[in-house]
Amino acid sequence: MAELQELENTGGESILGDNTLDSSRLAGNRLNLDVYPDGCRQFLELFERQKAKVLQVEFLRLNCNEDLIGSTLSILPDLRSLKSLVLKGGHARDEFGACQRGSLASLPQDFGDLTCLTHLDLSFNSFCMLPDCVVKLPSLSVLLVCYNSMHGLPEDIGCLRKLTSFSAMKNHLRCLPQDIGKLVALKTLNLSENSLESVPEEIGNLHNCTELDLSGNLLTGIPTSLANLRSLRQLHLHSNLLVTVPASLASLPNLSRLDLQNNRLRSIPLEIESSPFVHLRGNLLGEPEMPLQQNEPSPRKLQRVFLAASEDSFTVTPEGCKVFLACGVQFYFPPGAAISLVTIHFQKLAPDPRWVKLKHHDVVLSEVMELRPHGIEFQQDVQIWMPFASPRTLREREVIVQTFSGQDWTDLRTQV
């Protein structure tokens, strides 16, 4: 007892506490530190105290909203036993309650030395391009880069021959490299909520793909090579600008869901329309096409402005423009809508009962988007696209647009 008392008096409790802390964080070959507000600091301390054990870690999770993530990143290539690595943002929220993206925008070049890595999650960060070192990971099977600001994918992405699952949803992708057709092991591919205007024919080479999600893009057509995806079970094409789809999609032997909702389809092949697994609500089936007036320019000739998540303003010229916000909202300002340059600032706000008057049992499902300055008058109607959940009846959907006079809010005329 005397010896134990002496050990406690000399700081034995502190030593015991450190060992307990290490064992609770470092559980065998797993190290989950993204649940702690100072996980990166704990990682650096663990690496200093128990370097040999940390180097054997196979599963690691870190929080990319921490300031020390950069210092931590330089050590990760030394963890050659890593099989699963999660480097996600979204753990912090701003004053309005929205998830904040992590600070990661690049990775060290020797990151490609993680030859055992099979699972990599870089979601909710600030990548504008997929780092070249990721393409060099020879064992990578699952790659998640959702909720970033990527405008494109590497031309040599086909080097990831073992990739079975790839998700880049909620980015700013405008096109896909032809090399994507070399990802022959892919089973699930999610490219939803981007700005894709076309898909290369090579996507038809993904013969093992069982689920393909291209929803929420700007596609006006899809390649006929999709009919080669004989393993496909689910094909999501809703919320695009499709005006036609190939009849051959109906002959895919394993297809159990073809979602074509909320497009611009006015007619559809009979083979597709009669299939029980096809979803068509929200199209213009049977409606005559309204031709453009001779003096009405095609919207495709307008300037297209794609804003990153960090940007909060855009400029409208008398020539008009189409603006794509990172949150999925789109604006169409036709030529002549503005008589001079107009700079518009925007921000998302939490719903406030002073702005949105709710009736009994009414619920606000979306955030409020404020555009400033208030009171601007446009000479032509401005069109707004926004993500929405399809209602059971039109009466259950309501969009409110108001302007502020400095004292009062007034409803503006809208047509949904």
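- Taking an unreviewed UniProt entry as the reference, the protein is identified by name as P53-induced death domain protein 1 belonging to Sphenodon punctatus.

**Looking at the overall build of the protein**
Phase 1 of the analysis: From N to C terminus, the protein includes seven helices and 23 strands.
Phase 2 of the analysis: The buried share of the protein, reckoned over its 416 residues, is 40%.
Phase 3 of the analysis: Relative to all contacts within the protein whose residues are 6 or more apart in sequence, the contacts with residues 24 or more apart total 41%.
Phase 4 of the analysis: If you sum the accessible surface of the protein, you get close to 22,800 Å²; carbon and sulfur atoms cover 50% of it.

**Things to note about the side chain of Asp179**
Phase 1 of the analysis: Following the sequence through the fold, Asp179 ends up in the loop between strand 9 (165–167) and strand 10 (188–190).
Phase 2 of the analysis: Setting aside residues no more than four positions away along its own chain, Asp179 makes contact with Glu155, Asp156, Ile157, Gly158 and Cys159.

**Observations concerning the nonpolar core**
Phase 1 of the analysis: Leu87, Phe166 and Leu260 are the most contacted members of the largest nonpolar core, which totals 76 residues.
Phase 2 of the analysis: Elements with a contribution of two residues or more to this core: helix 3 (39–49), strand 3 (59–63), helix 5 (69–73), strand 4 (84–88) and helix 6 (132–135).
Phase 3 of the analysis: The element contributing the most residues to this core is helix 3, with four residues.
Phase 4 of the analysis: One finds Leu307, Cys321, Val323 and Phe331 within the second-largest nonpolar core, a separate group that totals 14 residues.

**Here we look at the state of the cysteines**
What is meant by a disulfide is a covalent connection between two cysteines, made through their sulfur atoms.
Phase 1 of the analysis: Counted according to the given criterion, the structure contains zero disulfides.
Phase 2 of the analysis: With no disulfide of its own, Cys40 lies 7.0 Å from the sulfur of Cys64, the closest cysteine sulfur.

**Brief notes about the environment of Leu144**
Phase 1 of the analysis: Along the polypeptide, Leu144 turns up in strand 8 (residues 142–144).
Phase 2 of the analysis: Distance from Leu144 to Ser165, taken between C-alpha atoms, is 8.1 Å for residues 21 residues apart in sequence.
Phase 3 of the analysis: Other than its neighbours up to four places away in sequence, Leu144 contacts His119, Leu120, Asp121, Leu122, Ser123 and Ser167.

**Let's talk about the pattern of salt bridges**
Phase 1 of the analysis: Applying the stated rule across the entire model yields nine salt bridges.
Phase 2 of the analysis: Note that Asp179 and Lys182 form a salt bridge whose closest N and O atoms lie 3.0 Å from each other.
Phase 3 of the analysis: Salt bridges sharing partners connect three or more residues here, namely Asp38, Arg41 and Glu45.

**Section: the sheet that holds strand 8**
Within a beta sheet, neighbouring strands are joined by backbone hydrogen bonds and run either parallel or antiparallel to one another.
Phase 1 of the analysis: One open sheet holds the 12 strands; their spatial order is 1-2-3-4-7-8-9-10-11-12-13-14, and the pairing between them is mixed. At either end of the open sheet lies a strand with only one pairing partner, and these are strand 1 (26–27) and strand 14 (278–279).
Phase 2 of the analysis: Where strand 9 and strand 10 come together, three bridges link them in parallel fashion. What sits directly across from Ser167, in strand 10, is Asn190.

**Some words on the sheet that holds strand 18 (residues 330–333)**
Phase 1 of the analysis: Strand order in the open sheet made by the four strands is 15-17-18-21, with mixed pairing throughout. Edge positions in the sheet fall to strand 15 (303–306) and strand 21 (383–385), since each of these pairs with one other strand and no more. Within the sheet, the average angular offset between the axes of one strand and its neighbour, ignoring direction, is 15°.
Phase 2 of the analysis: In this structure, strand 17 (residues 321–324) lies alongside strand 18, joined through four bridges in antiparallel fashion. From the neighbouring strand, Phe324 faces strand 18, where its bridge partner is Gln330.

**Considerations on helix 3**
Phase 1 of the analysis: Among all positions of helix 3, only Gly39, Cys40, Gln42, Phe43, Leu46 and Phe47 are buried. Axial view of helix 3: buried residues confined to an arc of 155°, hence all on one face.

**A word on unusual backbone geometry**
Phase 1 of the analysis: With an omega dihedral of 0°, the bond running from Arg372 to Pro373 counts as a cis peptide bond.
Phase 2 of the analysis: Structurally, Pro373 can be placed in the loop between strand 20 (368–372) and strand 21.
Phase 3 of the analysis: Phi is positive for Glu193, which is not a glycine, with a value near 55°.
Phase 4 of the analysis: As for its placement among the helices and strands, Glu193 is situated in the loop between strand 10 and strand 11 (211–213).
Phase 5 of the analysis: You can call Glu193 partly exposed: its relative accessible area is 26%.
Phase 6 of the analysis: In the Ramachandran plot, Ser239 falls in the positive-phi region, its phi being about 60° despite a non-glycine side chain.
Phase 7 of the analysis: Mapped onto the fold, Ser239 is located in the loop between strand 12 (234–236) and strand 13 (257–259).

**Thoughts on a nonpolar patch on the surface**
Phase 1 of the analysis: Together, Ile384, Met386 and Val399 line one region of the surface with nonpolar side chains, adding up to about 230 Å² of accessible area.
Phase 2 of the analysis: Its location among the elements puts Ile384 in strand 21.

**A closer look at the environment of Gln379**
Phase 1 of the analysis: Assignment of secondary structure puts Gln379 in the loop between strand 20 and strand 21.
Phase 2 of the analysis: Residue Gln379 is classed as exposed on the basis of its relative accessible area, which comes to 51%.
Phase 3 of the analysis: In sequence terms Gln379 and Phe333 are 46 residues apart; their C-alpha atoms lie 10.0 Å from each other.
Phase 4 of the analysis: Discounting residues that sit within four places of it in the chain, Gln379 has contacts with Gly336, Ala337 and Ile339.

Conventions adopted
Residues numbered from 1 in each chain as written. Predicted model: local features only at pLDDT ≥ 70, side-chain atom pairs only at ≥ 80, totals over all residues. Heavy atoms only, no water. Helix = DSSP H or I, 4+ residues; strand = E, 2+ residues; numbered from the N terminus. Buried < 20%, exposed > 50% of the residue type's maximum accessible area, 1.4 Å probe, protein only. Contact = heavy atoms within 4.5 Å. Areas by Shrake-Rupley, 256 points an atom, 1.4 Å probe, with all protein chains shown as cover. Core = buried A, V, L, I, M, F, W, Y, C linked by side-chain atoms within 4.5 Å. Disulfide = S-S within 2.5 Å. Salt bridge = Lys/Arg side-chain N within 4 Å of Asp/Glu carboxyl O. Pairing = 2+ DSSP bridges. Axes fitted to C-alpha atoms, helices over the stretch in contact; angles between N-to-C directions. Arc of directions from axis to C-beta. Patch = residues over 30% accessible without salt bridge, like charges linked within 9 Å, V, L, I, M, F, W, Y side chains within 5 Å.

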